[in-house]
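Residue-level listing of the chains:
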Amino acid sequence: MLRVQYIEDTPKAPGSEIKIGGRVVRITDAKNVKFVWVRDISGMMQLTVLKESAGAELMKTVDGLMQNDFVVVSGKVPQEIKSKSGAEMLPEKIEVVGKSLEPSPIDVEGFIESSFDKRFDWRALDLRSPRQMAIFAVESKVLGGMHRYLSSQGFMQVFTPSLMGASSEGGSEVFTLRHFGKTAYLRQDPQLHRDLLMLAGYEKVYEIGPSWRAELSNTPRHMTEHRTCAAEMSFISDEKDIIKLETKLVSKVLAGVVKECEAELKTLGAEVAIPKGSFPVFTFPKIYEILEGLGKHVEAGEDYDHEAELLLAKHAKEKYGSDFFFVDRFPFKVKPFYVMRVEKSPEWARSVDLIYKGVEISTGGQREHRYEKLLEQAKEKGLDLENLKWFTDFFKYGAPPHGGFSMGIERFTASLLNIENIRETTLFPRAPERLLP
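Residues numbered from 1 in each chain as written. Predicted model: local features only at pLDDT ≥ 70, side-chain atom pairs only at ≥ 80, totals over all residues. Heavy atoms only, no water.

K.L.:
Explain the layout of surface pockets here, please?
P.N.:
Over the atoms a probe the size of a water molecule is rolled, and this reveals where empty space is left. If you add up the space inside the second largest pocket, you get close to 610 Å³. Mapped onto the lining of the second largest pocket, the elements with two or more residues apiece are β2 (33-40), β3 (43-50), α4 (130-152) and α7 (262-268). With 6 residues, α4 is the single largest residue contributor to the lining of the second largest pocket. Among the residues making up the lining of the second largest pocket, the classes are represented as 11 nonpolar, 5 polar and 5 charged. (1 Å grid on protein atoms, 1.4 Å probe; cavity = no way out; pocket = protein on both sides within 12 Å on 5 of 7 lines; lining within 4 Å. Points joined across faces, edges and corners; volume = space filled by probe spheres on them. Helix = DSSP H or I, 4+ residues; strand = E, 2+ residues; numbered from the N terminus. Nonpolar A, V, L, I, M, F, W, Y, C, P; charged D, E, K, R; others polar.)

K.L.:
So what exactly am I meant to see when it comes to the sheet that holds strand β7 (residues 163-164) here?
P.N.:
Sheets are built from strands that pair by backbone hydrogen bonding, the pairs being arranged parallel or antiparallel. Strands sit in the order β7-β9-β8 across an open sheet of 3 strands; the sheet is antiparallel. The outermost strands of the open sheet, each flanked by one partner alone, are β7 and β8 (176-179). Sheet topology places β7 next to strand β9 (residues 182-186); 2 bridges connect them, and they run antiparallel. Each residue of the ladder has a partner; that of M164, found in β9, is Y185. (Pairing = 2+ DSSP bridges.)

K.L.:
So what exactly am I meant to see when it comes to the sheet that holds β3 here?
P.N.:
The strand order β1-β2-β3-β5-β4 describes a closed barrel built from 5 strands, whose pairing is mixed. Within the sheet, the average angular offset between the axes of one strand and its neighbour, ignoring direction, is 50 degrees. Sheet analysis places β3 next to strand β5 (residues 88-98), joined by 2 bridges and oriented parallel. Bridging from a neighbouring strand, Q46 pairs with E88 of β5. (Axes fitted to C-alpha atoms, helices over the stretch in contact; angles between N-to-C directions.)

K.L.:
Can you walk me through the side chain of S362 in this structure?
P.N.:
Within the secondary structure, S362 is located in strand β17 (residues 359-366). Judged by relative accessible area, which is 1%, S362 ranks as buried. Within polar-contact distance, the side chain of S362 engages the side chain of E246 at 2.6 Å. Those residues within four positions of S362 in sequence are excluded, and the remaining contacts are E246, V352, D353, L354, S406 and M407. (Buried < 20%, exposed > 50% of the residue type's maximum accessible area, 1.4 Å probe, protein only. Polar contact = N/O pair within 3.5 Å; in protein donor to acceptor, adjacent residues only side chain to side chain. Contact = heavy atoms within 4.5 Å.)

K.L.:
What is the right way to look at the packing of α4 against helix α6 (residues 240-260) in this model?
P.N.:
Helix packing for two helices is described by the angle between their axes and how far apart those axes are. Orientation of α4 relative to α6, taken along the N-to-C sense of each, is 135 degrees, at an axis distance of 9 Å. With respect to each other, α4 and α6 are oriented oblique. Here α4 runs over α6; the crossing is right-handed. Judged by residue contacts, V138, K141, V142, G145, M146, R148, Y149 and L150 of α4 engage L245, K248, L249, K252, V253, V257 and E260 from α6. (Parallel < 35°, antiparallel > 145°, perpendicular 65-115°, else oblique. Left-handed = near helix turned anticlockwise from the far one by under 90°.)

K.L.:
Could you clarify how one ought to interpret the nonpolar core in this entry?
P.N.:
Among soluble globular proteins, nonpolar side chains are generally buried collectively. In terms of nonpolar packing, the biggest core is built from 44 residues, with V138, L150, M407, F412, L416 and L417 touching the most fellow members. Filtering out sequence-adjacent residues up to four positions away, L417 remains in contact with I135, V138, L265, L268 and A270. (Core = buried A, V, L, I, M, F, W, Y, C linked by side-chain atoms within 4.5 Å.)

K.L.:
Can you help me understand empty space enclosed by the protein in this one?
P.N.:
Under the counting rule described, the total for this entry stands at 1 cavity of 30 Å³ or more. If you go around the largest cavity, the residues you meet are R23, Q67, N68, S104, I106, D107, V108 and E109. In terms of residue class, the lining of the largest cavity is built from 2 nonpolar, 3 polar and 3 charged.

K.L.:
I tried to follow a nonpolar patch on the surface on my own but got confused; where do I start?
P.N.:
Nonpolar side chains collect at one region of the surface, where L2, F70 and V97 lie side by side and expose about 260 Å² of accessible area between them. Within the secondary structure, F70 is located in strand β4 (residues 70-76). (Patch = residues over 30% accessible without salt bridge, like charges linked within 9 Å, V, L, I, M, F, W, Y side chains within 5 Å. Areas by Shrake-Rupley, 256 points an atom, 1.4 Å probe, with all protein chains shown as cover. Salt bridge = Lys/Arg side-chain N within 4 Å of Asp/Glu carboxyl O.)

K.L.:
I tried to follow helix α12 (residues 409-416) on my own but got confused; where do I start?
P.N.:
Helical periodicity: at 3.6 residues per turn, an α-helix aligns residues three or four positions apart in one direction. A large share of α12 lies buried, amounting to 8 of its 8 residues. The secondary structure elements touched by the buried residues of α12 are α4, β11 (225-234), α6, β16 (351-356), β17 and β18 (402-408). Remark: N418 follows α12 within two positions and exhibits a positive phi of approximately 60 degrees.

K.L.:
Honestly, helix α10 (residues 371-380) in this entry has me stumped. Any pointers?
P.N.:
Looking only at α10, the buried set comprises Y371, L374, Q377 and A378. For α10, the buried positions fall inside an angular range of 135 degrees around the axis, keeping them on one side. Of the exposed residues in α10, those oriented more than 90 degrees away from the buried face are E372 and K379. Buried residues belonging to α10 abut β14 (341-342) and α11 (389-392). Just downstream of α10, G382 is the residue with a positive phi angle, here 80 degrees. (Arc of directions from axis to C-beta.)

K.L.:
It is not clear to me how unusual backbone geometry should be interpreted in this structure. Could you clarify?
P.N.:
A negative phi angle is the norm for most residues apart from glycine, just as the trans form is the norm for most peptide bonds. Each neighbour pair has its own omega, and for F284 with P285 the value is 0 degrees, a cis peptide bond. A cis amide bond links L436 with the next residue in sequence, P437, at an omega value of -5 degrees. Within the element layout of this structure, P437 appears in the segment after α12. One non-glycine residue, R329, lies in the positive phi region at around 65 degrees. Looking at where R329 falls in the secondary structure, it is placed in the loop between β13 (324-328) and β14. A positive phi angle is found at N418, which is not glycine, with a value near 60 degrees. When you line up the elements, N418 lands in the segment after α12.

Shown next, in the form of structure tokens:
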């Protein structure tokens, strides 16, 4: 290995030998000393180069350094560490292993602000900033927490197809492509294959992976490609079992972030509250009455909009002290054919959304597992039953009551960190106007 230690792991005892690797972020020149700051993924170290005692070869290398050079540095800890970063070295050898050929088109250290679009044009450079590194360190812990909790509850991790021979939900919000002379579709959600796994008897599964929506939308909450944590389980009583599962999952994930990401949260100026107990549940048609009281009129039987989500979020925070709340039993007419209806009130679906700080981060609920009902609902939605046979025919042979959810990874992270635009929580976002880099 060229590098022996990460900066955060280097010893602090005077005279200790250090060997690090990282990127030059700043160089300053004083009368008798030259300072070079080097950053790796764990932190930043100050190289203090004393001009009188440094050899000619070392000074030649230092004088030739520029911002964004990648270097490997060997040296010793000084008698007294004066650097504000808490890490300092008297370098004895600097090897430039990756030379920067020209000044960076954007400043990632926060001294000069670049426009949003320019940052994403130069995204691989933008990702060098401590802020961006902190975002994705937190997102990684979110994913790890989801893996750990679902695995601890007996869920099996699976992978389902991204290429579909038929649109998974109907409608026009689907990308098409050619697949050996036939039309294929990018999945909108891995929902239907998770249903088939319940039918196959796998009982508890989860999947983390991408989905696509061909929406011509440029809001801060939407992208054409996003990632979800999607879980499904059998033998549920109703959608309330899904609400309980999501509540426990979210609480465990946030507790893990608070425990493991103290430095990153400080960098981002984010305070995370660990939820205690259950989340408020607002249910249709009662929601119309709640919204009316908040000054928002929505016609009975219709879906609400994002403005209503924000009003309900404020209501949940003020009345229940919660950043989270569930919305249950949406109008069936606005939900997919595979959602189970409420038997005694079939205009409502056993469909559940989880809202976090006014943003929908997951959708789920109980699925329809009865063959005749499934066909009846698909027909009511105007879907071509022949095109659905690949899915519905399996239900002739029995399926357990089941349900699940699909939670957006980027939306969850953005809400958690109070980030306004979801693209900030995506390494290389895909949107109507952006396919590169």
